[in-house]
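# Coordinate inspection notes
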Amino acid sequence: MPRLFPILMIVVLALGACGERDEPPRALTVDREAAASSKAAAADNAAYIEPPELEIPFHKETLDNGLTVIVHEDHKVPVVAVNVWYKVGSKDEKPGKTGFAHLFEHLMFNGSENFPGEYFEPFQRSGATDMNGTTNNDRTNYFETVPVGALDMALWMESDRMGHFSGAISQEKLDEQRGVVKNEKRQGENAPYGKAFDTIAESTFPPFHPYSWTPIGSMEDLDQASLEDVKQWFADYYQPANAILVIAGDITVDQAMAKARQYFGAIPSTSVPPRLKNWELPVQPNKREILFDQVPQARIYKVWNVPAIGSKEEDALDLLASLLANRKNSLLYRRLVRDEQVATNVSSFYYGRQLAGQLIVVVDVKPGQPLEKVEELLNEELRVFAQKGVNVEELRRIKQSEFAELVKGLEKNGGFGGKSDILARSEFYYGDPAALIDGLQEYAEVSAAEVQEVANRWLKADSYTLIIKPKPEYSSTSQEVDRSKLPAVDKTVELELPQQQAFTLDNGLKVVLAERHDTPAVFMNLQFRSGAAVDGDKPGLASIAARMLSEGAGDYDSLQFSAREEELGANISAGSGLDYNSISLSALKNQLEPSLDLLADVVTKPLFAEEDLVRVKSNRLDAIAQEKAQPQGLAMRTLPPLLFGEQHPYGSPLTGSGTVEGVEAIGRDDLVAFHETWVRPDSATLTVVGDVTRKELEPMLNKAFSGWKAPRKALPEVNISAVDRPQKARVYLLDRPGAQQSYIMAGLVMPPWRPEGAEAFDAMADIIAGKFTSRVNMNLREDKNWSYGARAVSLDTVGQRPYILFAPVQTDKTAPAMRELLKEYRDFLGDQPVRENELADYRDDEVLKQSARYQTKGQLLSGISWLVEKGLPPEYLAEYPQRVASLTQPQVEAAAREFLAPDQFTWVVVGDLDKIREEVEALDIGPVTVIGEQ
């Protein structure tokens, strides 16, 4: 039985073995006749939940060269998702040559024989979105979503690196990407708990088992990878017969298949290496290890070896993990975090893979609590649960929540979790694109007894099977594609957004509605002025208030509230920024009215229970300690008061968590006062996107919010005073002894956002440091191999905007990296201003990207909410492509001169001062201060 979908990005889906077949178009949907019979049989199953009615029509066909092609039509917006899965992952490596699959994924973005430039370049001037590549134990995939007019370009590029790549692999490119991957590994290991999963893999699987190493591999193996090794890897695994191509979006089956044959049909396949299908389940090791790391609190990982994906226990194992943790009502969270308060977080997941699965529980021990006591409580709860812990109602709520998330996630064609991803994943693990959706009925039927049996039984298993099939014969077509140049990209963008309907409720609340009826779901966002800017002498108040809104409201305490959300398949959350707080709701259409009642309770009747506040504050203080243990978090906490001053509304940490003193001072009366002052209908706006009409919605809202009235007292003014930039750059150092990397951050105060010239500012910021191909990132990552990535962002605030440049670099390159960053900005303002080709690429990419920018209801909701926040008319979004298309070099150069001032940067550098201080001081870019030094 296939599980519904992964809990974590690292968790992959199920194993399947099915012969290749050509199929006519078919609906990826539950078999209603079989489902009806199944439902009748499940009548006595108290844990049964009826699955949603879903379909993803598809066509599957295998080309003569062995390439599996799957096509899905979706004409909602003029974009097409392309997803290529290669049946090779880190499990196909050999000891001593680990990291090859992941290293090769990086190499595949370095251009091909017929396009030797950066792979991202044509996509970044063609409006591509959701573009990436990933590698895990079992497979490697590459994907992008492009406007319809860019599909030929995308298929040309994907087919060129599938069939014409070996000659493009040079020693120079291998060394460059080897350096990038090693920096990625350093960055991961430099983070708290960064070595946990490497250690788990080595300790839970025997030597030479394909899962005894992680996809990133070892430094030693990466150093030893030769050019010949890499080319052989490509020859063995990157061929059509070892790949799956999914084309999903605004295209017909006939068009898609014709393009698949045109671009991929002439690529030959040879003999694909044997594919591992099974491996004996390793015996669970009885082993205990202790590691030491720079972390603020202890963390417990408990791991059991369990069956692989595709086993009959798969769904029960997945549900078991959700019963144990991840939710407020889950067993371990209730006992350890809420009741005993000995932990700040508990998570659990079934880590399923082709050859073996693992059940993993992670507990963050609260500082000051004895580790032995927490372990004893954890073990006690697991023992009791294995005997009699499964609750039928909890099991039903979990299923309903999972189904709701699946429905909401099917709006996208591309990217993680999109329809193309589901089709490819189903085909890869089961040999059937319909497998995951067809399995929803089985998932719905899993009984409490089955989950209890799995909890009581594991962990023991022994099995090994070897499957040998006749060697297939492949042939390729004689048709060739013109590979002397890229196909032209059609730059026509027709962006049709739903009409916005504005109306006011009886209580004065402004509502903006955009109807979109593609899936039976509704998304809402209630935004109101407040945020960290109104925290005053208690930094963290606005974010704590937002956090407490999900801790119970109306007649529901915190756990009852969470249970009610699950029962409805709804999700209510609150967020806090610098200038605004918001409360959001996502709900199924058929549960909209009771979901609105629950939202109204949150808005009008939050409980702010004392016991919950004590726990939330305690966990927030632990989170602040976590931030201070991470180089990035430490820099984000340190920079704002240096830019704006400690008493300024924007002087609080960029993490939004507040300060220790501020959080400790917050009491229930503060939350009540915050709520009464800021959460009021006369100063808020509710934005709604989804499967609902004004005729349906307006009476529901008036009824739900009938008791919410505006107070007589006027809304307080929020004063965001202006600050001056320093006359000269300043450098602040924070010591992190033994750090493998330095975290460089530089800040600059910018004028407030205004619509005039906004497009020129964005183009300037993107070209210098805002995207992957920016000058800053190309310098430090691609040219120098000193960093895994360097970028800059400008925060969207009501007052002056903080502009933040960040670059984690290897320790010995700290001062040289700062010198290079300054050089790039000075050159940009000096004799190397924006080039016409840079601006042309930006214009093309930004204009064409609009095709996919509002694909999901969440994306559209975010865009309309931003318009509301800025007080802009609805047509502002529709006219955006024309404004970008008309940008000129003088406009962008003027924006650079107006906004950029690298010699006024405030620098914060976190690293090993014994190794970096002397060289940083020698740069002489401004006074150097060591924070914390007496």
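Just above, that's the structure.
Attention here is on the structure that accompanies the text. Position labels on residues start from 1 in each chain and follow its written sequence. The predicted origin of the model limits local features to residues at a pLDDT of at least 70 and limits the giving and counting of side-chain atom pairs to 80 or more, whereas totals for whole chains, interfaces and linings rest on all residues. Neither water nor hydrogens contribute to the side-chain values; these are computed over all heavy atoms in the structure.

Pairs of strands are assigned from DSSP output, requiring at least two bridges between the strands. Numbering of helices and strands starts at the N terminus; helices are DSSP runs of H or I of at least 4 residues and strands are runs of E of at least 2. The sheet built from six strands is open, its strands ordered β11-β12-β18-β13-β17-β16 with mixed pairing. On the outer flanks of this sheet lie β11 (500-504) and β16 (571-576), each paired with one strand and no other. Mean inter-strand twist for the sheet, computed between neighbouring axes without regard to direction, equals 15°. Two strands pair when backbone bridges link them, and strand β13 (residues 521-529) and strand β17 (residues 580-588) are joined in this way by nine bridges, in the antiparallel orientation. Opposite Phe523, over in β17, you have Ser586 as the bridge partner. We call two residues in contact whenever any of their non-hydrogen atoms come within 4.5 Å of each other. Axes, fitted as lines to C-alpha atoms, cover a helix only where it is in contact. Angles between the N-to-C directions of the axes lie from 0 to 180 degrees. The strands that helix α13 (residues 392-409) touches are β13, β16 and β17; relative to β17, the one it contacts most, it runs at about 100°. The sheet strands contacting helix α20 (residues 592-604) are β13, β16 and β17, and the helix crosses β17 at an angle near 160°.

A few words on the side chain of Arg327. Turning to its location among the elements, Arg327 is positioned in the loop between α10 (314-324) and α11 (331-339). Aside from chain neighbours lying at most four places away, what touches Arg327 is Ser322, Tyr333, Glu394, Arg397, Ile398 and Glu566.

A word on the nonpolar core. Residue types Ala, Val, Leu, Ile, Met, Phe, Trp, Tyr and Cys, when buried and joined through side-chain atoms within 4.5 Å, form a set referred to as a nonpolar core. Buried, partly exposed and exposed residues are distinguished by accessible area as a fraction of the type maximum, computed with a 1.4 Å probe on protein chains only: under 20%, between the cut-offs, and over 50%, respectively. Leu320, Leu324, Val346, Val363 and Val451 are the most contacted members of the largest nonpolar core, which totals 74 residues. Among the elements that line this core, the one with the most residues is α10, at seven residues. Each residue touching Val363, except ones within four places of it in the same chain, is listed here: Ala298, Arg299, Ile300, Leu336, Ala343, Asn345, Val346, Val374 and Leu378. Counting 59 residues, the second largest nonpolar core, distinct from the first, contains Val88, Ala101, Trp233 and Ile251.

Across the interface, α10 lies against α13 with an axial gap of 10 Å and an inter-helix angle of 110°. As far as their axial angle goes, α13 and α10 are roughly perpendicular. Here α10 contributes Leu319, Ser322 and Leu323 to the contact with α13, which in turn contributes Glu394, Leu395, Ile398 and Lys399. Within the contact of α10 with α13, the residues separate by chemical class into four nonpolar, one polar and two charged. Here the angle decides the label: under 35 degrees means roughly parallel, over 145 means roughly antiparallel, 65 to 115 means roughly perpendicular, and every other value means oblique. Any residue outside Ala, Val, Leu, Ile, Met, Phe, Trp, Tyr, Cys, Pro, Asp, Glu, Lys and Arg is labelled polar, Gly included; the first ten of those are nonpolar and the last four are charged.

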